[in-house]
Each structure stands twice: as structure tokens, then as C-alpha cells.
Amino acid sequence: MPYFPEDFIFGVATASYQIEGAWNEDGKGESIWDRFAHTPGNIQDGTTGDVACDHYHRFEEDVALLKELGVDAYRFSISWPRIFPEGRGRVNEKGLDFYRSLTGKLQEAGIKPVVTLYHWDLPQKLQDKGGWESQETVEAFAEYARFLFQSFAKEVFLWITHNEPWVVSFVGHYEGRHAPGKRDFKSALQVSRNLLLSHGLAVQAFREEKTLGSIGITLNLTPVHPFSDSEEDILAAKRCDGYFNRWFLDPLFKGEFPEDMLLWYEKKGFALPQLSEEEKSLIAQPIDFLGINYYFRRVVGKGEGAIFEVEFFNPPQSEYTDMGWEIYPEGLYEIVKRVSEEYQPEDIYITENGIALPDQPDSKGRINDQKRIDYLRSHLLALHRAVDEGCPVSGYFVWSLMDNFEWGFGLSKRFGLVYVDYTTLQRIKKASFYWYQKVVKSKRVD
Ligand SMILES: OC[C@@H]1[C@@H](O)[C@H](O)[C@@H](O)c2nc(CNc3ccccc3)cn21
């Protein structure tokens, strides 16, 4: 029976724009996701995060759910425009008070706060001045981070500078499916560079402020498998591994963007200015842990697609989630092993893993999400194998505590251990809530 170490951290994760609501209350400034969701056509089901789970007003009820779940830690993000409505300068005290109240309730419940500084809700005022393409946002982020390190100097267990810089860069600035909705590969490359620089400045500030806790960054990593063992499919998989994984792993742990990708982008007309020695050191300064968000793998072959010349495949024999993502638990083992061996991070936390399902209450108001239990079990067993083989993994966070606003899909995709009825905002614990409660309590997966 696989037991996790006694001090292994089990938690759940959320993010500010996805759960808080109160989008324009108590002095909060507009974010790029407020603007993006208010723009017709951007969100598949036409909903917004204006109310979402109304966590801003219901956080005490939600902390009570966390306490009942028995988690060791709770990962949430701070809404930058709730603290600095214009991105920098004037502080919104009521915004700061909300997070002080939240961390206070967590402390009372014996739950460790894990804070993500940036989970995609950039102040719109900064976007109006170029957003992540601009040096001003890099500097503003460093100020925002330093302010939070000073304001929560002792309360936070883990600090995560950025959630998934790959998504911010390429889904937000190339694919255009996320805010700010740009479709410009050159912008996406510039954004990825600035996100890394801002991460480095934040880590520097963390060390200077002598803040308690640990600091790291969270990447969404996906194993990339070639569709066949043909030379061209293997090369296509290598290109995708560079695009999805090594583009951020290499600068963070080796101080350089991957050479093969720089050459490929240059060949495609996207020359990126070299990082200076100072920039390389800033980005690659030591961090205390790497956060990994794992959901699925990718299977690719040679294709005619514009920049990457790849085609994606969905293996017919696999099962898929409500997001259309393949269920591939071994991928969690693979990515942890690969990152541990190739990049030697000090520590690893699985900061997100979960599944979207078309959950609905039955005639008795219960939600029997057995498929979510099966997904979480299989991924925890895969993770346990990596831990058993000596990989430095110290914790695991389910995405998500409760159903929430799923970005471009709106409220239609449900990832929660707790169901949210968006007409009444009632929370209903799913079967997976009670299953995970037992795992957290026993540190055992059966
Ligand atoms: O989609 C589920 C979650 C999402 O709600 C979180 O805010 C975000 O951190 C998150 N990242 C992924 C995995 N990566 C990803 C890949 C392509 C598009 C968007 C996200 C899944 N999720």
C-alpha cells in the first residue's frame, strides 16, 4: 500500500480571478481578465469572473471546507489589481485586508498558505502601457512582489512568483485564447523573456527582505512523445519539447534559452536578442523549489503547421477529460523523473493536477465523481513511484478545491472537489472530496 512520507504536504489549489468575484469592489482595479471576459466572443459560454464563486465574500465558509478536508496547505493567488489598482503606486488597503483576513483564517485552521504572486490577472492599467512586453511591467512586478514579502513576511509557507509563464506568453500573446488576446509570436517571445526577468527580480527581493518561507516558480510541463519512431516525428517531438518545456526550464536552471529553439525561431524569422550575462544570472539564481502543474502529455508528429511544423495526435485507445485532454498518469512519473535528473531542482511540488468532468448532482443532490477519484488515484500512484525512486517531491495540490471560472471556457468546466451551484453559490462536497480527505489523513493511496 503506497504511503507518502509523514511530512509530505497534501493540498488544493485555486486562483484569484477564477474564484473571488467582487471584480470591481472595495477599490480593486480592473484586470486584463476583467477586460477580456467582458469582451463579447472571448468566453465560450459567455460568462465572466465578475462573481465566479464569490469567494471574496465567502472565504470563511471556504476555509471551513479546507479545514474539513484536512489539507496541510492551501495554494491561492493574490489579485495584483486588488493590491495596486493601477499596477504600482497607490495601495488599496481593503484589498490588502482581504488577504490578511484570509491568511489569518488559514492560520487559525492550521493550514499553510501557499501564495502565487501572479496567476494571470495583470492590472489593466499596465496592459495599457504594453503589459508584459514592457520593461515597466517587469519593474512594477518586482515592486508588487517586494511589497507582499514585506506585508506577509512571516505567514507564507511557499511563494510562487509566476503560474505557467508558458501559458501567459503563448496562449495569451500567440494563440490569443487568453488575455490580453494577442496573436503575435514575436510578442510572445518578448513576454517570455520579461516574465523570467521579473521572476528573477522577485527572487532577489525575497532574499533581500529576508522573508520567511521558500520561493519558486510553477511551470506547466507535459511529456512530448513522437507519434512514430520516424526521424521526422522524433524531431517534431524534440521541437515541441523545446517549445512547451525546455523554453523555461533551461533559462531557470541552466541560464540559457535552448539553442535548438533559438536557431529554429531565427530560421522562422523570430530572432531573439541574446540575454546579457547579468540577465542570465538574474533568471537562473537559485530557487528553493520548482512547482510543476501536470495534466496530460502530448503526442506529436511531423506536420505542416506554420511555426513548428507539427501535428498533434489523440491516441484512440486513451480516455479523455471534459477539456479533451488525454488521461495519462505515467506522464507525471515521466516528467518528475526527467526534471529531477536533467535539472536537479532543490525541491519539487506538484502545484496542480486535476480533471474536468461534467459533474451534476443526482436526484438526492449528491455528486458521485468516481472518474475524478480514479484520475487522482492513478496520478498519485505515479507520483509515489517517482518519490520512491528518490525524486525530491515534497507536496501535491489538487486542482481545484472547488469548481471555478475556467478561463476561455467560463463556468462550464468543473475541476472541483466541491461542486458550486452558480445560481445559489451553494457548495456541495463531491465523492472525491471525501476520498481525498482520507488520503490526506492517512498519507496513503489505496
Ligand atoms: O485548466 C485547469 C487549470 C486552470 O484552471 C489553472 O488556472 C491553470 O493554472 C492551469 N494550467 C493548466 C495546464 N496548462 C494549460 C495548457 C494549455 C492551456 C491552458 C493551460 C491547467 N490549468
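Residues numbered from 1 in each chain as written. Predicted model: local features only at pLDDT ≥ 70, side-chain atom pairs only at ≥ 80, totals over all residues. Heavy atoms only, no water.

Below, the discussion takes up the pairing of strand E4 (residues 158-163). A regular strand carries its side chains on alternate faces of the sheet. Most of E4 sits out of view: six of its six residues are buried. In this structure, E4 lies alongside strand E5 (residues 214-220), joined through four bridges in parallel fashion. Within E5, the residue paired with Asn163 across the bridge is Thr218. (Buried < 20%, exposed > 50% of the residue type's maximum accessible area, 1.4 Å probe, protein only. Helix = DSSP H or I, 4+ residues; strand = E, 2+ residues; numbered from the N terminus. Pairing = 2+ DSSP bridges.)

Turning our attention to the pattern of salt bridges. One pass over the structure, following the stated rule, counts 45 salt bridges. Among the salt bridges present, the one from Asp72 reaches Lys443, with a minimum N-O distance of 3.0 Å. Of this pair, Asp72 sits in the loop between helix H3 (55-69) and strand E2 (73-77) while Lys443 is found in the segment after helix H15 (431-442), placing the two residues 371 residues apart along the sequence. Arg88 is the partner of Glu143 in a salt bridge, and the nearest nitrogen-oxygen pair spans 2.4 Å. Taken as a pair, Glu143 in helix H7 (residues 135-151) and Arg88 in the loop between helix H4 (80-83) and helix H5 (93-108) lie far apart in primary sequence, 55 residues in all. A relative accessible area of 38% means that Glu143 is categorised as partly exposed. Beyond isolated ion pairs, a larger network of salt bridges with shared partners links Lys238, Asp241, Arg246, Lys254, Asp260, Arg338 and Glu342. (Salt bridge = Lys/Arg side-chain N within 4 Å of Asp/Glu carboxyl O.)

Looking now at the nonpolar core. With 154 residues, the main nonpolar core has Leu383 and Tyr436 as its most contacted residues. Per element, the largest residue contribution to this core is eleven residues, and it comes from helix H9 (residues 185-208). Here Tyr436 is in contact with Phe10, Gly11, Val12, Leu69, Val71, Tyr396, Val398 and Leu417, once residues within four sequence places are set aside. (Core = buried A, V, L, I, M, F, W, Y, C linked by side-chain atoms within 4.5 Å. Contact = heavy atoms within 4.5 Å.)

The next thing to look at is H9. Structurally, the α-helix is built with 3.6 residues per turn, so residues lying three or four positions apart point the same way. With 24 residues, H9 extends 35 Å between its outermost C-alpha atoms, agreeing within 8% with the 34 Å of an ideal straight helix rising 1.5 Å per residue. With a side-chain oxygen positioned 2.9 Å from the backbone nitrogen of Lys186, the residue opening H9 is Asp184. One or two residues past the end of H9 sits Lys210, with phi positive at roughly 50°. (Expected span 1.5 Å × (residues − 1). Polar contact = N/O pair within 3.5 Å; in protein donor to acceptor, adjacent residues only side chain to side chain.)

Per the UniProt record, "active site" (unreviewed entry) is annotated on Glu352. Along the chain, Glu352 falls in strand E10 (residues 348-353). Contact partners of Glu352, with chain neighbours within four places excluded, come to Ala13, Arg75, His119, Asn163, Glu164, Ile292, Asn293, Tyr294, Tyr295, Phe397 and Trp399. At 2.9 Å, the side chain of Glu352 and the side chain of Arg75 are in polar contact. (UniProt positions renumbered as here; feature names shortened; annotations may be inferred.)

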